[in-house]
Amino acid sequence: MLLTTTFDITLTAWALAFTAATVIGLSKAGIKGIAIVNVTLMALAFTAKASTGIVVPLLVVGDIFAVIYYNRHANWTHILKFLPWILVGIVCGVFIGNDLDEGLFKIAMAIIILVSVVMMYWWDRRKSQAVPTHWLFAGLVGTIAGITTMIGNLGGAFSNIYFLAMRVPKNEFIGTAAWLFLIINVLKLPLHIFVWETITVETLLFDLKLVPGIILGVFLGIRLVKIIKEDFYRKMILVLTALGAVMILIR
């Protein structure tokens, strides 16, 4: 459902949405892998497709805060290598999302994420410093990230896998992802407004009231990132990404 007025929203939906906004702030501040939680909470509060339109403007706000704070750590080499493939995936996702068996999509995506996490865990256990250099790796992961970010705002799981495979240091990981997803989410806005029509004046007014939740999440996330050690950060991302895949299946 699209929102008719903000007064139609139940107290439960408000609570779920505000919690989701706080999780967005945490995720954008660097606690990667928990973005699936905000997607799940919004889907519980509203219908799946409508929730994607509500979430995208909130993601843009979170991205802006992240870019302001972590801008100096961004690595544009990774962005320029990965972004074109994500854009290809977004275009595919626009058409796929119009007529999609959501149940089948969720199962396939969760399996892909879990297999990728297992592979990344095995990679870390080898203690090898080698990183994937073939264009096919960036192409495959980037395209899947683009499709999933358009359909369910779930591209973060695949971008996490890419940056972990590239062995990007913690702060560089956060700063690079901040710019990458600011660009992606801004480009998704007109698609949601004019093609899917999931963003309206009413949804934007509703989002505006959730911005304090994002600010709270960003503040908490920045403080947490400062005390998390590099090696633990990589393990945390893998665990949270895997849990996110499980949540996709059961949501």
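Residues numbered from 1 in each chain as written. Predicted model: local features only at pLDDT ≥ 70, side-chain atom pairs only at ≥ 80, totals over all residues. Heavy atoms only, no water.

As recorded in an unreviewed UniProt entry, the protein goes by the name Probable membrane transporter protein, listed as coming from Zobellia barbeyronii. Taken verbatim from the UniProt record of the protein, the Sequence similarities (unreviewed entry) comment is "Belongs to the 4-toluene sulfonate uptake permease (TSUP) (TC 2.A.102) family." (UniProt positions renumbered as here; feature names shortened; annotations may be inferred.)

**Student:** When you look at the pattern of salt bridges in this model, what are you seeing that I'm missing?
**Tutor:** Should their charged atoms come close, side chains of opposite charge can pair. Counted by the stated rule, this structure contains 1 salt bridge. We note a salt bridge from Asp63 to Lys28, for which the minimum N-O separation is 2.7 Å. Within this pair, whereas Asp63 is found in helix H3 (residues 48-70), its partner Lys28 is found in helix H1 (residues 11-28), the two being separated by 35 residues in sequence. Lys28 matches Asp63 in its accessibility class, with the two residues each being buried. (Salt bridge = Lys/Arg side-chain N within 4 Å of Asp/Glu carboxyl O. Helix = DSSP H or I, 4+ residues; strand = E, 2+ residues; numbered from the N terminus. Buried < 20%, exposed > 50% of the residue type's maximum accessible area, 1.4 Å probe, protein only.)

**Student:** What is the right way to read the nonpolar core from this model?
**Tutor:** Note that soluble globular proteins tend to have their nonpolar side chains buried in a common cluster. Met42, Phe46 and Leu180 are the most contacted members of the largest nonpolar core, which totals 62 residues. Setting aside its immediate chain neighbours within four residues, Met42 contacts Ala17, Ala20, Ser51, Ile54, Val55, Leu58 and Leu210. Within the second largest apolar cluster, 5 residues are counted, among which are Val60, Ala66, Ala178 and Leu182. (Core = buried A, V, L, I, M, F, W, Y, C linked by side-chain atoms within 4.5 Å. Contact = heavy atoms within 4.5 Å.)

**Student:** Help me understand the side chain of Lys32 in this model?
**Tutor:** Here Lys32 lies in the loop between H1 and helix H2 (35-45). Asp63 provides the closest opposite charge to the buried, salt-bridge-free Lys32, at an N-O distance of 6.5 Å. A distance of 3.5 Å separates the side chain of Lys32 from the backbone oxygen of Ser27, its partner in a polar contact. (Lys, Arg positive; Asp, Glu negative; His and termini not counted. Polar contact = N/O pair within 3.5 Å; in protein donor to acceptor, adjacent residues only side chain to side chain.)

**Student:** Looking at this structure, how should I read the side chain of Thr22?
**Tutor:** Tracing the sequence through the fold places Thr22 in helix H1. Ignoring sequence-local partners within four residues, the contact set of Thr22 consists of Gly213, Ile214, Leu216 and Gly217.

**Student:** Can you help me understand the packing of helix H6 (residues 135-152) against helix H7 (residues 155-165) in this one?
**Tutor:** The axes of two packed helices give the description: the angle between them and the distance between them. The interhelical angle for the contact between H6 and H7, taken along N-to-C directions, is 160°, at an axis separation of 7 Å. Judged by the inter-axis angle, H6 sits roughly antiparallel to H7. Here H6 runs over H7; the crossing is left-handed. Of the residues in H7, those in contact with Phe137, Ala138, Val141, Ile144, Ala145, Thr148 and Thr149 of H6 are Gly155, Phe158, Tyr162 and Ala165. The residue makeup of the contact of H6 with H7, split by class, is 8 nonpolar, 3 polar and no charged. (Axes fitted to C-alpha atoms, helices over the stretch in contact; angles between N-to-C directions. Parallel < 35°, antiparallel > 145°, perpendicular 65-115°, else oblique. Left-handed = near helix turned anticlockwise from the far one by under 90°. Nonpolar A, V, L, I, M, F, W, Y, C, P; charged D, E, K, R; others polar.)

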